[in-house]
Amino acid sequence: MNLVQFYAEHSGEVLGLIGQHLYLVAISTSVAIAVGLPVGIALTRRPRWRGPVLGLANVVQTIPSLALFGFLIPLPLIGGIGARTAVVALVLYGLLPIVRNTYTGITGVDPAVREAGRGMGMTDRQLLLMVDLPLALGVILAGVRIATVVNVGTATIAAAIGAGGLGVYIFRGVAMVNDALILAGALPAALMALAADGLLGLAERRLAWRPK
Amino acid sequence: MRGGRADGRTGGRWLAVAGTALLLAAACGRRDRVVVGAKNFTESDLLAEIVAQQIERRTHLPVERRLHLGGTFVCHEAITSGRIALYVEYTGTAYTAVLKRPPPPIAGAESVYATVVRDYAQRFGLVWGKPFGFDNTFAITVRRRDAERYGLRRISDLARVAPRWKAGFGYEFLERADGFRGLARAYGLAFAAPPTAMDLGLTYRALADGNVDVIAGNSTDGQIEALDLVALEDDRHYFPPYQAAPVMRAGLLRLHPAIGPALDELAGKISDADMRRLNAEADVRHRDIATLARDWLHAALP
Amino acid sequence: MTPALEVRGLRAGRVLVNDLSFTVGSGETLVLLGRSGSGKTTTLKLINRLLEPTAGEVHLAGERAADLPVTRLRRRIGYVIQEIGLFPHFTVERNVGLVPRLEGWPPARTAERVRELLDLVGLDPRQFSTRYPHQLSGGQRQRVGVARALAADPPLLLLDEPFGALDPITRVELQREFRTLEGRLGKGVVFVTHDVREGLLLGTRIGLMHEGRLAFLGTPDEFRSSDHPECQAFMSAA
């Protein structure tokens, strides 16, 4: 089957699946940022937690995605079959790069700059907002980029637990031994990952402060 | 835990796929090794194990198991390309999904069997063994309390509630010729939204947890009783008969003629009740498949 | 007249800084001289409470430092360190105007103050306001550092080896300029250095620190003629 022809005949379905896929990635990455950024900042203030927290995030990262989905399904509130479980899993995967990069970004800020800031009477909050975050922004955005790109790929596996998205074509293609169908799902997912990588890379270069 | 277990297996399947190339390359050198495959659900694994043990004890040939490979089409691809030599298929599945024939006339179990035997030999060079005896049809399944509340006994009763209900199916059922689309047409089922597609092994959990309201299981599945579910009657005879029987490469029987009689011993020996019990032992009580197969063989064919 | 800084019985840890007492009047520069690890930098950090003293009191222009909110206190003390610590993502103008902005000055007044200060430290505002720190030479950066410390017109300046990392020529240049600046500013200055020549040039008084204590406190002339062995050790090095 010709891919162009397939898309022409199933345009509504394709757009729907792309929408679901974007939804899964957008929601999970947003939540991962909303949770990961404060956690990363907290780690710079409480270095003793660094080992356990980053260790835990590392362990989560090593759980194969299908297994993680499997573990989550029986859990009340966050589990079950469908998009919610998938989002929870994707958030967990997205946390590590964001927490780690927030932490390394902030701890990488020149200590003299932070001492000068404190010495001039900046509050912790001012130091964070005016010094730490702007100077760490490039590294933090790189973490967000990694989390997003990884989640675009991992979200395809979410189709196994009824979360929809482009993985639906891939799983259907695997079940039917139909390469065109697999490609129909894999190709837009790959393009989506490339687009996310490119756009966030651009944001990184535009927004982040970098020495010449 | 059913979901977790099925997931683990599916994960394992990918590893298996990755490893398959290497192992097969090694296996090619040893032509006396009989490779038995299975589809990705418990009953298929159980039957493959029974077949494998029967071959081992009657012919003393080494048997290699490739269980939980994938769906119908994955297994069909594997056997036609020679990656496996044998697996257990269902006549109705072969008839509609693989041969893509229109639904057969009512209750023609023998004619369906005769057709697949003839067409498989002609088109694929594959040989069907004798049916094991039971018939495992698709079981359109709902929760018992819903069945009682809405008075659902037959699939045709489902049309009333469908517009408010959510369906969940495995990927294969959504695509097969004897799958969801034909079913919806035959019974006039119009669900609120397109069915949720998910891994086949998760459908029972999704139904029991209330994520979906109706699924397509198998009539011999142990979970139907264990999870307090009800299978609706196929009152319009949409589904063809699904007799389980071994499918083999013709070359296998030429190379090892003893396999034929060994498998013939199994003909008609597994009843619907036997199969349901074995599935329940494996899926609900989590008993080891190899042990279940050995115990059953010793009892049925001493 | 109230001194810009009064330190009484200051102590930190066991021996880091031990029983330190001195006053610095407005227009006066106290140079804290000493070897590495003698407690000079610690003393500065105890004054602006980057470190908390275990005992003793610090009074800033008559107010007890411990009674002020720590950020208020620090905004009233100019602080210059050797590494300068300019914010790399801020222009010169924003760096210098930082404390006024933290203090909520109207933007026009901040801008006026920044121009005035850049002039004072010998940088043409039209040329330098919009530059970033990485576009400046080491000497220019330290001038910006001094301007930034003076921005909110604090009664006291703390300088921690501000010229230590500069090349010898720039260093002498800045030392001379700072010497003329001191007199014009009329602020209390505590200047930490281990360079005795720099200390004698810039200090109205010299405090020699040794093992956390003030081993000597007096005018440069008194320092030169002191028979304290540590003073003599420094004099012979010069």
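Residues numbered from 1 in each chain as written. Chains lettered and ligands numbered in written order. Predicted model: local features only at pLDDT ≥ 70, side-chain atom pairs only at ≥ 80, totals over all residues.

Caption draft 1: Inspection of the nonpolar core at higher detail. In this structure, A86 and I161 of chain A together with V36, V51, L86 and Y87 of chain B are the most contacted members of the largest nonpolar core, which totals 217 residues. Broken down by element, this core gets its largest block of residues, 15 residues, from helix α5 (residues 83–107) of chain A. (Core = buried A, V, L, I, M, F, W, Y, C linked by C-beta atoms within 7 Å. Buried ≥ 20, exposed ≤ 12 C-beta atoms within 10 Å, placed from the backbone. Helix = DSSP H or I, 4+ residues; strand = E, 2+ residues; numbered from the N terminus.)

Caption draft 2: Spotlight on the interface of chain B and chain A. Contacts between the two partners involve 25 residues from chain B and, on the opposite side, 22 residues from chain A. Broken down by secondary-structure element, the contributors of at least two residues to the side of chain B that touches chain A are α1 (2–28), α3 (72–80), α8 (171–175), β7 (196–198) and α10 (203–208) of chain B. At 6 residues, α1 of chain B tops the list of elements feeding residues into the side of chain B that touches chain A. When the residues that make up the side of chain B that touches chain A are grouped by side-chain class, the tally is 8 nonpolar, 10 polar and 7 charged. (Contact = placed C-beta atoms within 7 Å. Nonpolar A, V, L, I, M, F, W, Y, C, P; charged D, E, K, R; others polar.)

Caption draft 3: How the structure looks around the pairing of strand β10 (residues 213–218) of chain C. Residues and elements named next belong to chain C. In the sheet, strand β9 (residues 205–210) pairs with β10 via 5 bridges, with the strands oriented antiparallel. From the neighbouring strand, G207 faces β10, where its bridge partner is L217. Taken together, β9 and the strand that follows it, β10, pair antiparallel across an intervening segment of 2 residues, in which E211 is found at a positive phi of about 50 degrees. (Pairing = 2+ DSSP bridges.)

Caption draft 4: Local environment of the sheet that holds β7 of chain B. Residue and element names in this part refer to chain B. What the 5 strands build is an open sheet, ordered β7-β6-β8-β5-β9; its pairing is mixed. Among the strands making up the open sheet, the edge pair consists of β7 and β9 (229–231). Strand after strand, the sheet turns through a mean of 35 degrees between neighbouring axes, direction not considered. (Axes fitted to C-alpha atoms, helices over the stretch in contact; angles between N-to-C directions.)

Caption draft 5: Focus on the interface of chain A and chain C. Listed by partner, the interface residues are 17 residues for chain A and 18 residues for chain C. Elements with a contribution of two residues or more to the side of chain A that touches chain C: α6 (111–119) and α7 (124–157) of chain A. Looking at the side of chain A that touches chain C residue by residue, the classes come out as 10 nonpolar, 4 polar and 3 charged.

Caption draft 6: Here's a closer look at the domain arrangement of chain C. Residues and elements named next belong to chain C. Annotation of chain C at the domain level lists domain 1 (1–76 + 156–238) and domain 2 (86–153). One C-alpha centre belongs to domain 1, the other to domain 2, and the line joining them spans 24 Å. Contact residues are listed per partner, giving 10 residues for domain 1 and 10 residues for domain 2. It is helix α8 (residues 168–185) that provides the largest number of residues to the side of domain 1 that touches domain 2, a total of 4 residues. For the side of domain 1 that touches domain 2, the residue count by class is 6 nonpolar, 1 polar and 3 charged. (Domains from an automatic or database assignment.)

Caption draft 7: Seen up close, the environment of A114 of chain B. Residues and elements named next belong to chain B. Take A114: it is sitting in helix α5 (residues 109–124). Given 13 C-beta atoms within 10 Å, A114 falls into the partly exposed group. Along the primary structure A114 and I215 are separated by 101 residues, whereas in three dimensions their C-alpha atoms are 30 Å apart.

Caption draft 8: A look at the pairing of strand β10 (residues 244–249) of chain B. All names here are of chain B. Counted residue by residue, β10 has 5 buried out of 6 residues, so it is predominantly covered. Sheet topology note: the strand β3 (residues 86–90)/β10 ladder contains 5 bridges and is antiparallel. The residue of β10 that forms the bridge with Y87 is V247. Of the strand pairs in this sheet, strand β4 (residues 126–128) and β10 are connected by 3 bridges, and their pairing is antiparallel. Bridge assignment links V127 to a residue of β10, and that residue is M248.

Caption draft 9: Highlighting the sheet that holds β9 of chain C. All names here are of chain C. Read across the open sheet, the 6 strands follow the order β6-β7-β8-β3-β9-β10; overall the sheet is mixed. Both outer strands of the open sheet, β6 (77–81) and β10, are each paired with one neighbouring strand and no more. Shown here is a sheet whose adjacent strand axes are inclined to one another by a mean of 15 degrees, direction ignored. Taken together, the 5 bridges between β6 and strand β7 (residues 156–160) define a ladder with parallel strand orientation. Bridged to Y79 within β7 is L158. Together, β3 (29–34), β9 and β10 form the strand contacts of helix α11 (residues 229–237), whose direction differs from that of β9 by roughly 110 degrees.

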